Amino acid sequence: MAKCCCICGRKLGIFGEERYKLAEEYIACYSCAQIFRKLKEFDDKKIIDKYEKELLGRLDENNASQEVRNLVENEIENIKRVKYEAEKKKELEKQRKEQSIRKRNEFMVTTGYNFEGYTIKKYLNLVHGENVLGTGMFSEASASIADIFGTSSEEFGKKISKAKEDAQEKMIINALMLGANAIIGIDFDITTFSNNIIGVSTNGTAVIIDTNVCPNCGKKVLENESFCTSCGTKIEKETK
Ligand SMILES: [Zn+2]
Ligand SMILES: [Zn+2]
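Summarised in this report is the structure supplied together with it. Computed from a prediction, not measured in an experiment: that's the story for all the values here. For every chain, the first residue of the written sequence is number 1, and numbering continues from 1 along that sequence. Ligands are numbered from 1 and chains lettered from A, in the order in which they are written. With the structure being a predicted model, the display of local features is reserved for residues of pLDDT at least 70 and the display and counting of side-chain atom pairs for 80 or more, all residues being used for whole-chain, interface and lining totals. Values reported for side chains reflect all heavy atoms of the structure, with hydrogen atoms and water molecules removed beforehand.

Section: the overall build of the protein chain
- Helix numbers and strand numbers start at the N terminus; a helix is a DSSP run of H or I with at least 4 residues, a strand a run of E with at least 2. For the protein chain, the helix and strand inventory stands at four helices and six strands.
- Overall, the protein chain shows an N-to-C arrangement of helices and strands of β-β-α-α-α-β-β-α-β-β.
- The proportion of buried residues among the 240 residues of the protein chain is 32%.
- Contact definition: two residues touch when any of their heavy atoms are within 4.5 Å. Partitioning the intrachain contacts of the protein chain with sequence separation of at least 6 by distance along the chain shows that 59% fall at a separation of at least 24.
- Each accessible area is a Shrake-Rupley result for a 1.4 Å probe, and residues are judged covered by the shown protein chains and nothing else. Put simply, the protein chain shows about 15,700 Å² of open surface, and 51% of that area lies on carbon and sulfur atoms. Throughout this description, buried means an accessible area under 20% of the type-specific maximum (1.4 Å probe, protein chains only), exposed means over 50%, and partly exposed covers the range between.

Structure (structure tokens):
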């Protein structure tokens, strides 16, 4: 059983305080253990450098053996590597999140069957989204939809609009998961399940669209352009 801190040489306390085990018989004292804890805790490079220097300085003061130095240096490297990997993972997650936000922002929807200036490259699948307006929205006294329309049609309209938006958002998420970047032929259905429960559902076809390009030079062709602005090729309009 080691009685002294392998790093600074101080006597190890006997009251079960925090310690840091580097290896069998190589135990760091409370004070050195705290430095390891801080190394793990902080991400700031300056702070990490400071604590690293502090530990190496204690090794020098204590004339620690090469074996202990190696153990301490390895331990610090491990702590740094774990930190670096966590940071990398965080950065990747951030990128993924930004990418999905961008994809969502660029997502296009239409009740029609095409987008001007775009060509549908692929039809993927039917997608849908549902939403239910619960009983909580109107008092139980409301006898029927007719009453609701009669008494607070404006509020009702707002709730329905919001419910449609939410249903559409769910549908868009389903489409994004299929790899779509647009939905065509969007249609809404509103169903009354009971006096106070209204279901809103929406469906459409998930597609992949791309901007039209000149068949001759491949340059992007904007809406309403009849000739390629780059090479002058006549652009055939999509016929549906
Ligand atoms: Zn120590
Ligand atoms: Zn062209």
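Re the coordination of the zinc ion (ligand 1)
- The coordination sphere of the zinc ion (ligand 1), as far as protein atoms go, consists of Cys5 (SG), Cys8 (SG), Cys29 (SG) and Cys32 (SG), spread over 2.2 to 2.3 Å.
- A 2.8 Å cut-off from the metal defines N, O and S donors, relaxed to 3.2 Å for Na, K and Ca; water is not in the atom list, so some sites may appear incomplete. Each label reflects the angles at the metal, where four donors whose angles all fall between 85 and 135 degrees are tetrahedral, four or six donors whose opposite pairs open beyond 155 degrees and whose other angles stay between 65 and 115 are square planar or octahedral respectively, and the rest are irregular. In this structure, the zinc ion (ligand 1) is coordinated by four donor atoms arranged in tetrahedral fashion, with angles at the metal of 105 to 114 degrees.
- Overall, the relative accessible area of 16% leaves Cys8 in the buried class.
- Overall, the relative accessible area of 5% leaves Cys29 in the buried class.

Digging into the coordination of the zinc ion (ligand 2)
- Surrounding the zinc ion (ligand 2) are the protein donor atoms Cys214 (SG), Cys217 (SG), Cys228 (SG) and Cys231 (SG), which sit 2.3 Å from the metal.
- Every donor counted, the four donor atoms about the zinc ion (ligand 2) form angles of 103 to 119 degrees at the centre, which fits tetrahedral coordination.
- Within one chain, the residues serving as donors to the zinc ion (ligand 2) are arranged as C-x2-C-x10-C-x2-C. Of the two residues, Cys217 is situated in the segment after β6 (197-211) and Cys228 in the segment after β6; the sequence distance between them amounts to 11 residues.

Quick notes on the environment of Leu39
- Tracing the backbone shows Leu39 in helix α1 (residues 30-41).
- When the C-alpha atoms of Leu39 and Glu52 are compared, they prove to be 7.6 Å apart, with 13 residues separating the residues in sequence.
- Not counting chain neighbours up to four residues away, the residues in contact with Leu39 comprise Ile48, Tyr51, Glu52, Leu55, Ile76, Ile79 and Lys83.

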